[in-house]
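# Structure at a glance
The primary structure of each chain is shown beneath.
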Amino acid sequence: MFNFDLLATDAGARAGLLHTPHGEIPTPVFMPVGTQATVKAVSPRDLHDLGATIILGNTYHLYLRPGDERIARLGGLHAFMGWDGPILTDSGGYQVFSLAQRRTIDADGVTFRSHLDGSEHRFTPEKAIRIQENLGADIIVCFDECAPPDDHDYNVQALARTHAWAQACKAAKRQPDQALFGIVQGGVFPDLRAQSARFLTRLGFDGYAIGGLSVGETKEEMHGMLEVVTPLLPADRPRYLMGVGTPEDLVECAARGVDMFDCVLPTRTARNGSALTRTGRINLRNARFADDAGPLEEGCTCYACTHFSRAYVRHLIKANEILGHHLLTLHNLHLMLTVAREIRQAILEGRFQAYREAFWRAHEQAA
Ligand SMILES: [Zn+2]
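The numbering scheme is per chain: residues are counted from 1 as the chain's sequence reads. Given that this is a predicted model, residues contribute local features only at a pLDDT of at least 70 and side-chain atom pairs are listed and counted only at 80 or more, while totals for whole chains, interfaces and linings are drawn from all residues. Side-chain numbers come from the whole structure's heavy atoms, not from hydrogens or water.

## Observations concerning the overall build of the protein
Put simply, DSSP H or I for four residues or longer makes a helix, DSSP E for two residues or longer makes a strand, and each gets a number counted from the N terminus. Within the protein one finds 15 helices and 17 strands. Over its C-alpha atoms the protein spans a radius of gyration of 20 Å, differing by no more than 12% from the 21 Å that the globule rule assigns to 367 residues. C-alpha extents for the protein along the principal axes are approximately 60 × 45 × 40 Å. In this description, contact between two residues means that some pair of their heavy atoms is separated by no more than 4.5 Å. Within the protein, contacts between residues separated by at least 24 positions form 65% of all contacts whose residues are at least 6 apart in sequence. Reported accessibility uses the Shrake-Rupley method at a 1.4 Å probe radius. Residues are deemed covered only where the shown protein chains occlude them. Accessible surface, the protein: about 14800 Å² in total, of which carbon and sulfur atoms supply 49%. It is over C-alpha atoms that the radius of gyration is taken, and the globule rule equals 2.2 Å times the number of residues to the power 0.38.

Structure, rendered in structure tokens:
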């Protein structure tokens, strides 16, 4: 039911095909984020049209509202949100540590208060797995602690918890049609990252997530951690870099052996009135776009760019019209999905290094 075929490698970069009960996922892949059982401002029909092959749901948010048991009664997350393709749910760990209030951590789990209404809740590894079984995603992940990246002593303690919780999650998993990913942690410390990759690989998972990056460390630190971790992970399992990133990150992290990416950036920047482009971000609120008849990005084949001008999208954003958010979201997701597809094609054809160089040359010319 769940299988990963590694089809080609080009230096460190990999092209593969991930088989799940709800369909195949060509990798490298970008996964749009559907925090509240919706990818903000677009429908599942739009996502199919954009060529999205997998989307992400957030365990913490869906547990609090509308409730994982309610979603289970309504047929699971696929039926509830009308998306028939593959879904990955996170474990709630990241949100518990970044969003929830008044947390207390112990060896067995975390007690916290909801950011919505202050009510008290407790997540344990077993609870995180039960919630994800109720949601019914194709890929679920272990409950982990996302620690501040640059505190070594704290990361030693957090890593011990994360590893114990990974064992507990593996023991608690019951559904054969769900794949379980372990999460490599360890902050910006090569020794801890290597220890984590080795520990989780020995335990054995269907895939490996790399968490706790893109949380404030430098790009060099992030790349350094990937260079430590990915060579230690089994080649025949997918690697998922959590919460990353930009088109530039896709190119540079795919080069370091990452297969799967997710980030709220394309949808969040759209709601802030900005378009992502291959050479950086543009803010449509800027007055210089008021009379600009050109598309959001020259050469883009998305619906927004082939039908509307920067001037029009700017007008929609200025007038706070929801179509503006919709069009910018379509464009931003199209860009991320297209760059991932281009990377994959380049790897399959053995010209990834040339693609990577051309990508950065375009950057330099635009700068
Ligand atoms: Zn476009």
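Further notes follow.
## Thoughts on the packing of aromatic side chains
Here is the rule: rings of Phe, Tyr and Trp (six-membered ring for Trp) pair when centre to centre is within 6.5 Å. Planes less than 30 degrees apart are stacked, more than 60 are edge-to-face, and the remainder are tilted. This model, assessed by the stated rule, comprises ten aromatic pairs. Taking 5.8 Å as the distance between ring centres and 40° as the angle between the ring planes, the aromatic pair formed by Tyr-60 and Phe-112 counts as tilted. Here Tyr-60, found in helix α2 (residues 59-64), pairs with Phe-112, found in strand β9 (residues 109-113); they are 52 residues apart in sequence, far enough to count as distant. Ring geometry for Phe-123 versus Phe-143: centroids 6.0 Å apart, planes at 75°, classification edge-to-face.

## Structural notes on the side chain of His-363
Structurally, His-363 is set in helix α15 (residues 352-366). With residues near it in sequence (within four places) discarded, His-363 still touches Glu-248, Arg-278, Thr-279 and Gly-280.

## Points about the coordination of the zinc ion
Because no water is among the atoms considered, metal sites can look incomplete, with donors defined as N, O and S atoms within 2.8 Å of the metal, or 3.2 Å for Na, K and Ca. The protein atoms donating to the zinc ion are Cys-300 (SG), Cys-302 (SG), Cys-305 (SG) and His-331 (ND1), with metal-donor distances spanning 2.1 to 2.3 Å. Donor residues for the zinc ion sit on one chain with the sequence pattern C-x1-C-x2-C-x25-H. Taking relative accessible area as the criterion, Cys-300 reaches 14% and is therefore assigned buried. Burial status follows relative accessibility: with a 1.4 Å probe on protein chains alone, a residue under 20% of its type maximum counts as buried, one over 50% as exposed, and anything between as partly exposed.

## Looking at the sheet that holds strand β1 (residues 3-10)
One requirement defines pairing of two strands: DSSP has to find at least two bridges between them. One open sheet accounts for three strands, arranged β1-β2-β3; its pairing is antiparallel. Two strands lie at the open edges of the sheet, namely β1 and β3 (23-27), each paired on one side alone. The mean angle between the axes of side-by-side strands here comes to 10°, regardless of whether they run parallel or antiparallel. Of the strand pairs in this sheet, β1 and strand β2 (residues 13-20) are connected by seven bridges, and their pairing is antiparallel. For Asn-3, the partnering residue across the bridge sits in β2 and is His-19. Angles here are taken between N-to-C directions and fall from 0 to 180 degrees, while the axes themselves are lines fitted to C-alpha atoms, restricted in helices to the stretch in contact.

## Topic: the layout of surface pockets
Leftover empty space is mapped by rolling, across the atoms, a probe with the size of a water molecule. The space that makes up the largest pocket amounts to roughly 750 Å³. Lining residues are defined by having an atom within 4 Å of a point belonging to a cavity or pocket. Those points lie on a 1 Å grid over the protein atoms alone, cavities being sets where a 1.4 Å probe fits but cannot get out and pockets being open sets with protein on both sides within 12 Å along at least five of seven lines. Lining the largest pocket are 35 residues, and of these Tyr-94, Gln-95, Gly-243, Asp-262 and Val-264 lie nearest its centre. Of all elements in the fold, only α5 (93-98) and α11 (265-271) reach the threshold of two or more residues within the lining of the largest pocket. Amino acids outside the nonpolar list (Ala, Val, Leu, Ile, Met, Phe, Trp, Tyr, Cys, Pro) and the charged list (Asp, Glu, Lys, Arg) are all regarded as polar, and Gly is one of them. Residue classes in the lining of the largest pocket are distributed as 13 nonpolar, 16 polar and six charged. Grid points are joined across faces, edges and corners, and a volume is the space filled by probe spheres set on the points.

## Re helix α13 (residues 310-318)
Of the positions making up α13, those classed as buried are Arg-310, Ala-311, Val-313, Arg-314, Leu-316 and Ile-317. Following α13 by one or two positions, Asn-320 has its phi on the positive side, about 55°.

## Here we look at the sheet that holds β9
Across a sheet, strands are paired by hydrogen bonds formed along the backbone, either parallel or antiparallel in direction. Overall, antiparallel pairing links the three strands, which are arranged β8-β9-β10 in an open sheet. Strands with a single pairing partner mark the edges of an open sheet, and in this sheet they are β8 (101-106) and β10 (120-123). Looking at each pair of strands side by side, their axes are set apart by 15° on average, direction ignored.

## Examining the pattern of salt bridges
The salt bridge criterion pairs a side-chain nitrogen of Lys or Arg with a carboxyl oxygen of Asp or Glu, the two atoms within 4 Å. Scanning the entire structure with this criterion turns up 14 salt bridges. Between Asp-259 and Arg-14 there is a salt bridge, with the nearest N and O atoms lying 3.0 Å from each other. Here the residue Asp-259 occupies a position in the loop between α10 (247-254) and β15 (260-262), and Arg-14 occupies one in strand β2, the gap between them amounting to 245 residues. Of the residues examined, Arg-14 reaches a relative accessible area of 4% and is grouped as buried.

## Here we look at the nonpolar core
We define a nonpolar core as any set of buried Ala, Val, Leu, Ile, Met, Phe, Trp, Tyr and Cys residues linked to one another through side-chain atoms lying within 4.5 Å. Within the largest apolar cluster, 91 residues are counted, with the highest numbers of intra-cluster contacts made by Phe-30, Leu-241, Phe-261 and Ile-343. Element by element, the count of residues in this core is highest for helix α14 (residues 322-348), at twelve residues. In terms of nonpolar packing, the next biggest core, distinct from the first, is built from 18 residues, Phe-4, Leu-18, Leu-56 and Met-242 among them.

## Details of a positive patch on the surface
Each patch is built from salt-bridge-free residues with over 30% relative accessible area, joining like charges within 9 Å and nonpolar side chains (Val, Leu, Ile, Met, Phe, Trp, Tyr) within 5 Å. The charged-residue count follows a simple rule in which Lys and Arg add positive charge and Asp and Glu add negative charge, with His and chain termini not counted at all. Taken as the charge location is NZ of Lys, CZ of Arg, CG of Asp or CD of Glu. There is a patch of like positive charges on the surface, built from Lys-40, Arg-65, Arg-268 and Arg-271. With respect to the element layout, Lys-40 can be found in the loop between β5 (33-34) and α1 (44-50).

## Overview of a negative patch on the surface
Among the surface-exposed residues, Asp-150, Asp-151, Asp-153, Glu-220 and Glu-221 lie close enough to one another that they form a single negatively charged patch. Residue class for Glu-220 comes out exposed when judged on its relative accessible area of 61%.

## What about helix α8 (residues 190-203)?
Between its terminal C-alpha atoms α8 stretches 20 Å, which fits the 20 Å expected from 14 residues at 1.5 Å a residue. Elements that come into contact with the buried residues of α8 comprise α7 (152-172), β12 (179-184), β13 (207-210) and α9 (219-229). Gly-204 lies just past α8 and shows a positive phi near 90°. Expected span, for any helix, means 1.5 Å times one less than how many residues it has.

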